[in-house]
Amino acid sequence: MKKAFSLLLALALFCSLSVHAEDEAYYNETVLPDGCKIVYTEHRLIAAPRGGTVDIYDKCGVLAPDGTFIVEPIYKSITPPVEGRALFYVTDKGYGFFDENWNVVIPAQYYSAQNFSEGLAAVGNAQWTVGYIDRDGNTAIPFQYSNGFAFENGLAVVWSAEEGYNLNVFVREGTIDREGNVVEPLTFRFEEDTFDVLLSENLIDINGTVYKNDSLTYPFINYLGYSYIPLTYGTCRALGFSCDWSAETGLVLKTEPDFRAPEQGGNTMRHGVYGKAALYGGTLTIDGKTYTAGDFYYPLLSYRGVVYFPVLYREGMERLRINYSFKRDGDYTTPGYMVFERN
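Notes on the structure follow. In this text, all values refer to a predicted model and were calculated from it rather than measured experimentally.

Our focus in this paragraph is the packing of aromatic side chains. A full pass over the atoms with the stated rule returns 24 aromatic pairs. Taking the centre distance of 5.1 Å and the plane angle of 70° together, the rings of Phe 149 and Trp 159 count as edge-to-face. Placement of Phe 149 in the loop between strand S13 (147-148) and strand S14 (155-163) and of Trp 159 in strand S14 is noted, with a sequence separation of 10 residues between them. Residue classification places Phe 149 among the partly exposed residues on the basis of a relative accessible area of 29%. We classify Trp 159 as partly exposed; its relative accessible area is 29%.

So, in structure tokens, the structure goes:
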């Protein structure tokens, strides 16, 4: 009897080990509520840039509860179904979606994609713009954003990127509803209430005339390494535009044909001493186009009763017909030149 029991125990153990060995043929398993499994059939290690290794899984498929493949392992990745759609990725083709029965309902065609949320999914096309599709793959919200996120309570956060000087990319953020209507305008966000600014140590070259910045009544200031123009009457006229303000219109700039020297003398800013500036909360109109602080990645600042304009705001400088550049004669221990020329 003991011998028979031992034989049965050995047989059971062998069967258990056989099943376990078969399971080990798959990697990074994700068990789904219906008993299916998302598995990878290939696993390799690659060296990490800072030492060690990184796990890489390839050839993803879906196993039925009986261990047979209902989705052949030919995909780069498959995610668990969300709202009846499972996101997959195919190398050199892009992202697509399976339906509830693991049939391809939306072909691989998107360079980026997110899971469905409230019936819509954010996907990116070959032109590197993002829109939203419905569960059948129809475009529900046009492709016009640089990024989009999942809907929650009827709203989704979207981004719109724009290029600044030196090929920097800046991102505006807003929200839209499920019909694509803008609920919260796309703007730049600032967490600070106040901004630490310094007297710019650079020389100011305006149409060939060089000024020492600390000799100007309203000097150019520096925030986070970026220079700002004081929008005063004299400075604006020196740069070739007028500056007017009223409670009804806000600050209005217009290009003008005549030039005047900026005011000099009376500056009390000291080198290396921070001042506290605030975010300018009004409007700024440049040759008929109106902006608010949220339209600028480099914020419009208010310092000592003067509004300051960032020289790196490309569109504004172009509308004012000002070419801006920076040069330095020596090394970084010598002041540079902020060069402004009217085009």
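Having put the structure on the table, let's press on.
Among the nonpolar cores identified, the biggest contains 46 residues, and Ile 229, Leu 231, Leu 253, Leu 284, Phe 309 and Phe 340 are the most heavily contacted of them. With 4 residues, strand S28 (residues 306-310) is the single largest residue contributor to this core. If near-sequence neighbours (up to four positions away) are discounted, Phe 309 is found in contact with Ser 227, Tyr 228, Ile 229, Leu 231, Leu 284, Ile 286, Phe 296, Leu 300, Gly 316 and Met 317.

Once that is clear, we can look at the environment of Tyr 218. Locating Tyr 218 in the fold gives a position in the loop between strand S19 (209-212) and strand S20 (221-223). Each C-alpha atom, one on Tyr 218 and one on Asn 103, is 68 Å from the other, the two residues being 115 residues apart in sequence. Once residues within four sequence positions are removed from consideration, Tyr 218 is found in contact with Pro 230, Thr 232, Thr 235, Glu 263 and Val 306.

Before going further, it helps to examine the sheet that holds strand S9 (residues 112-113). The 4 strands lie next to each other as S9-S10-S11-S12, forming an open sheet whose pairing is antiparallel. Single-partner strands in this sheet number two, and they are S9 and strand S12 (139-145). Bridge count between S9 and strand S10 (residues 121-124): 2 bridges; the pairing is antiparallel. Residue Ala 113 lies in a different strand from S10, and its bridge partner there is Val 123.

Moving residue by residue along a regular strand, the side chains alternate between the two faces of the sheet. Burial of strand S7 (residues 94-98) is extensive: 4 of the 5 residues sit out of reach of the surface. In terms of strand pairing, strand S6 (residues 86-90) meets S7 through 5 bridges, oriented antiparallel. Bridged to Val 90 within S7 is Gly 94. Between S6 and S7, which pair antiparallel in sequence order, lie 3 residues; one of them, Asp 92, sits at a positive phi of approximately 70°. With antiparallel pairing between neighbouring strands as the criterion, S7 and strand S8 (residues 104-110) make up a hairpin whose turn holds 5 residues, including Trp 102 at a positive phi of roughly 65°.

Let us look at the environment of Asn 115. Examined against the element boundaries, Asn 115 turns out to sit in the loop between S9 and S10. Expressed as a C-alpha distance, the spacing of Asn 115 and Asn 181, which sit 66 residues apart in the sequence, is 21 Å. Not counting chain neighbours up to four residues away, the residues in contact with Asn 115 comprise Thr 79, Val 82, Leu 87, Leu 120 and Ala 121.

Taken in spatial order, the 6 strands line up as S17-S20-S21-S28-S27-S24 and close into a barrel, and their pairing is antiparallel. Averaged over all pairs of adjacent strands, the angle between strand axes in this sheet comes to 45°, irrespective of strand direction. One ladder, built from 2 bridges, connects strand S17 (residues 194-199) with S20; its direction is antiparallel. Across the sheet, Leu 199 pairs through a bridge with Ile 221, a residue of S20.

All right, on to the pairing of strand S11 (residues 130-133) then. Both faces of S11 are covered, namely the face carrying Val 130 and Tyr 132 and the face carrying Gly 131 and Ile 133. Examined bridge by bridge, S10 and S11 share 4 bridges and lie antiparallel to one another. Bridged to Ala 121 within S11 is Ile 133. The hairpin formed by S10 and S11 contains 5 residues between the paired strands, and Trp 128 there has a positive phi angle of roughly 65°. With 3 bridges connecting them, S11 and S12 associate as antiparallel partners.

This paragraph deals with the pattern of salt bridges. Applying the stated criterion to the full structure yields 11 salt bridges. The structure contains a network of salt bridges with shared partners spanning Arg 44, Asp 58 and Lys 76.

Criteria and cut-off values
- Residue indices begin from 1 for each chain and proceed along its sequence in written order.
- Per-residue local features are limited, in this predicted model, to residues with pLDDT of at least 70; the limit for side-chain atom pairs, both in listing and counting, is 80 or more; totals at the level of whole chains, interfaces and linings are taken over all residues.
- Remark: hydrogens and water are excluded; side-chain values derive from all non-hydrogen atoms of the structure.
- Stacked, tilted and edge-to-face pairs are distinguished by plane angle, under 30 degrees for stacked and over 60 for edge-to-face with tilted covering the rest, among Phe, Tyr and Trp rings (Trp via its six-membered ring) whose centres lie within 6.5 Å.
- Numbering of helices and strands runs from the N terminus, with a helix taken as a DSSP run of H or I at least four residues long and a strand as a DSSP run of E at least two residues long.
- Relative accessibility under 20% of the residue-type maximum defines a buried residue, over 50% an exposed one, and the middle range a partly exposed one, all with a 1.4 Å probe and only protein chains included.
- To define a nonpolar core, start from buried Ala, Val, Leu, Ile, Met, Phe, Trp, Tyr and Cys residues and group those joined through side-chain atoms within 4.5 Å.
- Pairs of residues are marked as contacts when any of their non-hydrogen atoms sit within 4.5 Å.
- At least two bridges found by DSSP between two strands are what make those strands a pair.
- To obtain each axis, a line is fitted to C-alpha atoms, and for helices this fit is confined to the stretch in contact; angles are then taken between N-to-C directions over 0 to 180 degrees.
- For this document, the term salt bridge refers to a Lys or Arg side-chain nitrogen within 4 Å of an Asp or Glu carboxyl oxygen.

Fair warning: the whole summary comes from geometry, so function is off the table for now.
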